[in-house]
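# Overview (structure and organization)
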Amino acid sequence: MDLPQRFRSKTSVRSNIRLWIGLAIMMAGAWALTSQFWAYAQNHPVVFQALAGGSAAALATALGTVPVMLSQRLSERTQDTLFGFGAGVMLAACAFSLILPGLEAVRTQELFGGGSWAAGGVIGSAILMGGAALMLMDRLLPHEHFIKGREGLDPQGARKLQRTWLFVFAITLHNLPEGLAIGVGYAGNDGLRANALATGIAIQDVPEGLVVAVALLAAGYKRSFAVLLGMASGLVEPVGAVLGAAIVSGSAAMLPWGLGFAAGAMLFVISHEIIPESHRKGHEAFATGGLMLGFVLMMVLDTALG
């Protein structure tokens, strides 16, 4: 073996060693984080419930991509109807599973006197804070929508990023409030009402996963990649659910603020993203019909199970 070949062989061995060392460090870190989470969750059962609810929503998102895997396509009218359906479910979830329990929590805890004015002030402020936080993320984080195109603080920097990552950022902005809502819902409601909230979000995640995969396919991505990214788009929801439950369950005083914040974040996504997306192609009537159907379905789930 000549010198260049020996050099390449040694370099390859060193690269493999570094790769395995890196993987070992990552696995050790993941194990340590899992152990810490397990120890924490044993003392906070609501966090386990939130993780289960968020995982169910992520699974529903993955389930929605199956038709694309089977080479099915959706018409634009159907996509807009599904967008409207998701918006309706989220609107009802904001009203019946987040805002109303938040108002009741202020009255029960007698924050700022516990009256109706105090309840409205606390929840109203929390809603505005949640919307402002999502608006700030929308302005600062470069991302790309399927119809509106690229947005964010630095369009020049956004052009340097691959479109895939811009879509991922946009999907994260969309799904994070849903995960937070699930987690806060388990921390602030009884089991049946929290399950109704998680079930409603999971139901609307099925068409959402389908629409995301179809949109990625229409944007020019391979079918396999569109399906995989569509499935992965729901993974932020269990993360958000655990985060929301952990923050709110740690303090009773945080509960109404967390419920209102999650509602405000979802309202921002509904108004800023979903409804405009569903009305841009001339199918407003179908989108509105889907919205009303989704709203009624979530209302029935919440009132029947809660």
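Counting of residues starts from 1 at the beginning of each chain's written sequence and follows it residue by residue. Only residues with pLDDT of 70 or above have their local features reported here, since the model is predicted, and side-chain atom pairs are shown and tallied only from 80 upward, although totals for entire chains, interfaces and linings are computed over all residues. Hydrogens and waters are ignored; side-chain quantities use all the structure's heavy atoms.

The secondary structure content of the chain amounts to 12 helices and two strands. Order of helices (α) and strands (β) in the chain, N terminus to C terminus: α-α-α-α-α-β-β-α-α-α-α-α-α-α. For each residue, the accessible area found with a 1.4 Å probe, counting protein chains only, is set against the maximum for its type, and the residue is called buried under 20%, exposed over 50%, and partly exposed in between. Each of the 306 residues in the chain was classed as buried or not, and the buried ones make up 43%. Sequence separation of 24 or more characterises 79% of the internal contacts of the chain that already satisfy a separation of 6 or more. Surface accessibility follows the Shrake-Rupley procedure with a 1.4 Å probe radius. Residue values consider only the protein chains on display as shielding. Accessible surface for the chain amounts to roughly 15400 Å². Of this, 69% is attributable to carbon and sulfur atoms. Strands are runs of DSSP state E lasting at least 2 residues, helices are runs of H or I lasting at least 4, and numbering of each runs from the N terminus. The contact definition used throughout considers only heavy atoms, calling two residues in contact when any of these lie within 4.5 Å.

Time to look at the nonpolar core. Put simply, a nonpolar core is a bunch of buried Ala, Val, Leu, Ile, Met, Phe, Trp, Tyr and Cys residues held in one set by side-chain atoms that sit within 4.5 Å of each other. Counting residues in each nonpolar core, the largest one holds 42 residues, and the members touching the most others are Leu98, Ile182, Tyr186 and Met266. A per-element tally of this core places helix α4 (residues 76-109) first, with 11 residues. With sequence-adjacent residues up to four places away left out, Leu98 is seen in contact with Ala93, Ala181, Leu197, Leu259, Ala262, Ala263 and Met266.

Here, a salt bridge means any side-chain nitrogen of Lys or Arg that lies within 4 Å of a carboxyl oxygen of Asp or Glu. Counted according to the given criterion, the structure contains two salt bridges. The salt bridge involving Glu104 is made with Arg107; its shortest N-O contact spans 4.0 Å. In this pair, Glu104 and Arg107 both sit in helix α4, three residues apart, roughly one turn of the helix. Judged by relative accessible area, which is 44%, Glu104 ranks as partly exposed. The exposure class assigned to Arg107 is partly exposed, which follows from its relative accessible area of 35%.

The next thing to look at is the side chain of Glu208. Take Glu208: it is sitting in helix α8 (residues 191-218). Once residues within four sequence positions are removed from consideration, Glu208 is found in contact with His174, Asn175, Glu178 and Glu237.

What follows is about a nonpolar patch on the surface. Nonpolar side chains (Val, Leu, Ile, Met, Phe, Trp, Tyr) are joined into patches within 5 Å and like charges within 9 Å, using only residues with over 30% relative accessible area and no salt bridge. Together, Ile17, Ile21 and Ile25 make up an exposed nonpolar region whose accessible area comes to about 290 Å². When you line up the elements, Ile25 lands in helix α1 (residues 3-43).

Now for α4. One less than the number of residues in a helix, times 1.5 Å, gives the span that helix is expected to have. With 34 residues, α4 ought to run about 50 Å at 1.5 Å a step, and its terminal C-alpha atoms sit 48 Å apart, in line with that. The term bend refers to the angle at a residue between two fitted axes, each drawn through seven residues, those ending there and those starting there. Considering bend angle alone, the principal kink of α4 is centred on Cys94 and spans about 30 degrees.

Relative orientation of the contacting elements α4 and helix α5 (residues 116-140) amounts to 130 degrees, with a least axis distance of 9 Å. Here α5 runs oblique to α4, going by the angle between their axes. Crossing angle aside, the handedness with which α4 passes α5 is right-handed. In contact with Ile99, Gly102, Leu103, Val106 and Arg107 of α4, α5 contributes Ser116, Ala118, Ala119, Gly120, Val122, Ile123 and Ile127. Residue composition of the contact of α4 with α5, grouped by class: eight nonpolar, three polar and one charged. Under this scheme, a helix contributes an axis fitted over its contacting stretch, all axes are lines through C-alpha atoms, and angles between N-to-C directions fall in the 0 to 180 degree range. Orientation labels follow simple angle bins: below 35 degrees gives roughly parallel, above 145 gives roughly antiparallel, 65 to 115 gives roughly perpendicular, and whatever is left gives oblique. Helix crossings fall into two classes, left-handed where the near helix is turned counterclockwise from the far one by less than a right angle and right-handed where it is turned clockwise. Each residue is assigned to one of three groups, with Ala, Val, Leu, Ile, Met, Phe, Trp, Tyr, Cys and Pro labelled nonpolar, Asp, Glu, Lys and Arg labelled charged, and all others, Gly among them, labelled polar.

Two elements in contact, α5 and helix α11 (residues 254-278), have axes separated by 6 Å at closest approach and are oriented at 50 degrees. Comparing the axis directions of α5 and α11 gives the class oblique. The interaxial crossing formed by α5 with α11 has right-handed handedness. On the side of α5, the interface is formed by Val122, Ile123, Ser125, Ala126, Ile127, Met129, Gly130, Gly131, Ala133, Leu134, Met135 and Asp138, while α11 contributes Pro256, Trp257, Gly260, Phe261, Ala263, Gly264, Ala265, Leu267, Phe268, Val269, His272 and Glu273. Broken down by class, the residue content of the contact of α5 with α11 amounts to 16 nonpolar, six polar and two charged.

A word on the environment of Arg223. Within the secondary structure layout, Arg223 lies in helix α9 (residues 223-232). Sequence separation between Arg223 and Leu70 is 153 residues, and the spatial gap between their C-alpha atoms is 9.6 Å. Polar contact is the term for a pair of N or O atoms within 3.5 Å; when the atoms are in protein, one must be able to donate a hydrogen and the other to accept it, and sequence-neighboring residues count only if both atoms are side-chain atoms. Only 2.9 Å separates the side chain of Arg223 from the backbone oxygen of Val68, close enough to count as a polar contact.

Turning next to the environment of Ala170. Within the secondary structure, Ala170 is located in helix α7 (residues 163-188). Each C-alpha atom of the pair Ala170 and Ser233 lies 9.8 Å from the other, and the pair is 63 residues apart in sequence.

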